[in-house]
Amino acid sequence: MKVRVRYFASLREAFGSEETVEMPAGATLGELRDMLIARGGAHAERLGRDRALRGALDQAMADEARVIDEGAEVAFFPPVTGG
Amino acid sequence: MKPGARVRIQRADFDLAAEIAALRAGDAAVGAVVGFVGTVRDRNAGGAGEVQALELEHYPGMTEKAIEAMIDEALARFDVRAVRVIHRVGPMQPLEQIVLVAVTAANRGAAFQACEFLMDYLKTQAPFWKKEATADGARWVDARVEDDEALARWGIRAGNAAASARTGR
């Protein structure tokens, strides 16, 4: 299945603002992160497990154990710094 | 976004007095109004004048939903009458206003608490990112562990600055 993956702040600068990713049905947000890390290069560096990173599913903060549904909007971004 | 909305994300500045007047207009049950305004500092870890400008990015759509949800939570937790949150995005200069959280209540205790709760929540759960321009170039601002600790006082785990690195399952 295809999911829309959006990036913000430093990740947007590194990867562009969004892409469509083909992934297996039933995969979690954490598994998607691992798939992106497996590309190597900037993805491995910036999404790496040593990096503080937050994920959102359908525009709400989401745990990495959450399963991604077909057509979902996923986002990865650094810790937030508003206010 | 209509002027009376609970949440506004905008590039333009805001007028504190006008926002508070609108928030409490016609509500004679209000006996306390608390307004917090966050402003752009000219320094972060370094000295005066270190930060020349600030650029604020956000996640349109999610930002509004996240703040609406935290206002619902504040209304459930505290005896308050009305809440308004305005957050600016785009380029800003030191001394400018960034954020307003205004709360009305019958009594000051609930108003102070709700305002602080909303700011603690916003700092760690609303998708905004600050980029500072300095003489050495631009840099993304790091999240602070102290902000996670501030939200923990209300019994909520922020998981922002200390975002976990665990695997999917």
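What comes next is a walk through the structure.

Reading the values: the criteria
- Residues numbered from 1 in each chain as written.
- Chains lettered and ligands numbered in written order.
- Predicted model: local features only at pLDDT ≥ 70, side-chain atom pairs only at ≥ 80, totals over all residues.
- Helix = DSSP H or I, 4+ residues; strand = E, 2+ residues; numbered from the N terminus.
- Rg over C-alpha atoms; globule rule 2.2 N^0.38 Å.
- Contact = placed C-beta atoms within 7 Å.
- Pairing = 2+ DSSP bridges.
- Axes fitted to C-alpha atoms, helices over the stretch in contact; angles between N-to-C directions.
- Buried ≥ 20, exposed ≤ 12 C-beta atoms within 10 Å, placed from the backbone.
- Arc of directions from axis to C-beta.
- Parallel < 35°, antiparallel > 145°, perpendicular 65-115°, else oblique.
- Left-handed = near helix turned anticlockwise from the far one by under 90°.
- Nonpolar A, V, L, I, M, F, W, Y, C, P; charged D, E, K, R; others polar.

1. Concerning the overall build of chain A
At step 1: For chain A, the helix and strand inventory stands at three helices and five strands.
At step 2: Starting at the N terminus, the α and β elements of chain A follow one another as β-α-β-α-α-β-β-β.
At step 3: For 83 residues, the compact-globule formula gives about 12 Å, and the C-alpha radius of gyration of chain A, at 12 Å, lands near that figure.
At step 4: Put simply, 53% of the contacts in chain A that link residues at least 6 apart link residues at least 24 apart.

2. Looking at the sheet that holds strand β4 (residues 80-88) of chain B
Residue and element names in this part refer to chain B.
At step 1: Across the sheet, four strands lie side by side as β1-β4-β6-β2; this open sheet has mixed pairing. Pairing within the sheet leaves two strands with one partner each, and these edge strands are β1 (7-10) and β2 (32-39). On average, each strand axis in the sheet is inclined to that of its neighbour by 10 degrees, with strand direction left out of account.
At step 2: As paired elements, β4 and strand β6 (residues 97-105) share seven bridges and run antiparallel to each other. The partner of Arg84 across the bridge, within β6, is Ala102.
At step 3: Packed onto the sheet, helix α1 (residues 16-24) meets β2, β4 and β6 and runs at close to 25 degrees relative to β6.
At step 4: Against the sheet, helix α3 (residues 108-125) engages β2, β4 and β6, with an angle of about 145 degrees to β6.

3. Considering the interface of chain A and chain B
At step 1: Taken together, the contact pairs 27 residues of chain A with 30 residues of chain B.
At step 2: Of all the secondary structure elements, the ones that give two or more residues to the side of chain A that touches chain B are α2 (29-37), β3 (54-57), β4 (60-62) and β5 (73-77) of chain A.
At step 3: No other element matches the four residues that α2(A) contributes to the side of chain A that touches chain B.

4. Thoughts on unusual backbone geometry
Residues and elements named next belong to chain A.
At step 1: A positive phi angle, close to 50 degrees, is found at Asp58, a residue other than glycine.
At step 2: Along the chain, Asp58 turns up in the loop between β3 and β4.
At step 3: Phi at Gln59 is positive, roughly 65 degrees, even though this residue is not glycine.
At step 4: Looking at the element boundaries, Gln59 is found in the loop between β3 and β4.

5. Quick look at helix α4 (residues 145-152) of chain B
Residues and elements named next belong to chain B.
At step 1: Along α4, the residues classified as buried are Asp147, Asp148 and Leu151. One face of α4 carries all of its buried residues, which in axial projection span an arc of 105 degrees.
At step 2: The inward-facing, buried residues of α4 contact α3.

6. Quick notes on the packing of helix α2 (residues 62-77) of chain B against α3(B)
Residues and elements named next belong to chain B.
At step 1: Relative orientation of the contacting elements α2 and α3 amounts to 150 degrees, with a least axis distance of 10 Å. As far as their axial angle goes, α3 and α2 are roughly antiparallel. Crossing hand, α2 versus α3: right-handed. Packed against α2, whose contacting residues are Ala66, Ile67, Met70, Ala74 and Arg77, the element α3 presents Ala114, Phe117, Leu118, Tyr121, Leu122 and Gln125 at the interface.
At step 2: Of the residues contributing to the contact of α2 with α3, the split by class is nine nonpolar, one polar and one charged.

7. Things to note about the sheet that holds β3(A)
Residue and element names in this part refer to chain A.
At step 1: On the basis of which strands lie adjacent, the open sheet formed by five strands has the order β2-β1-β5-β3-β4 and mixed pairing. Of all the strands in the sheet, the pair left with one neighbour each is β2 (18-22) and β4. The mean angle between the axes of side-by-side strands here comes to 35 degrees, regardless of whether they run parallel or antiparallel.
At step 2: The pairing of β3 with β4 spans three bridges and is antiparallel. Across the sheet, residue Gly55 finds its bridge partner in β4, namely Ala62.

8. Quick notes on the pairing of β6(B)
Residues and elements named next belong to chain B.
At step 1: Burial analysis of β6 places eight of its nine residues in the buried class, which makes it a mostly covered element.
At step 2: As defined by bridge partners, β2 adjoins β6 across eight bridges and the pair is classed as antiparallel. From the neighbouring strand, Thr39 faces β6, where its bridge partner is Gln97.

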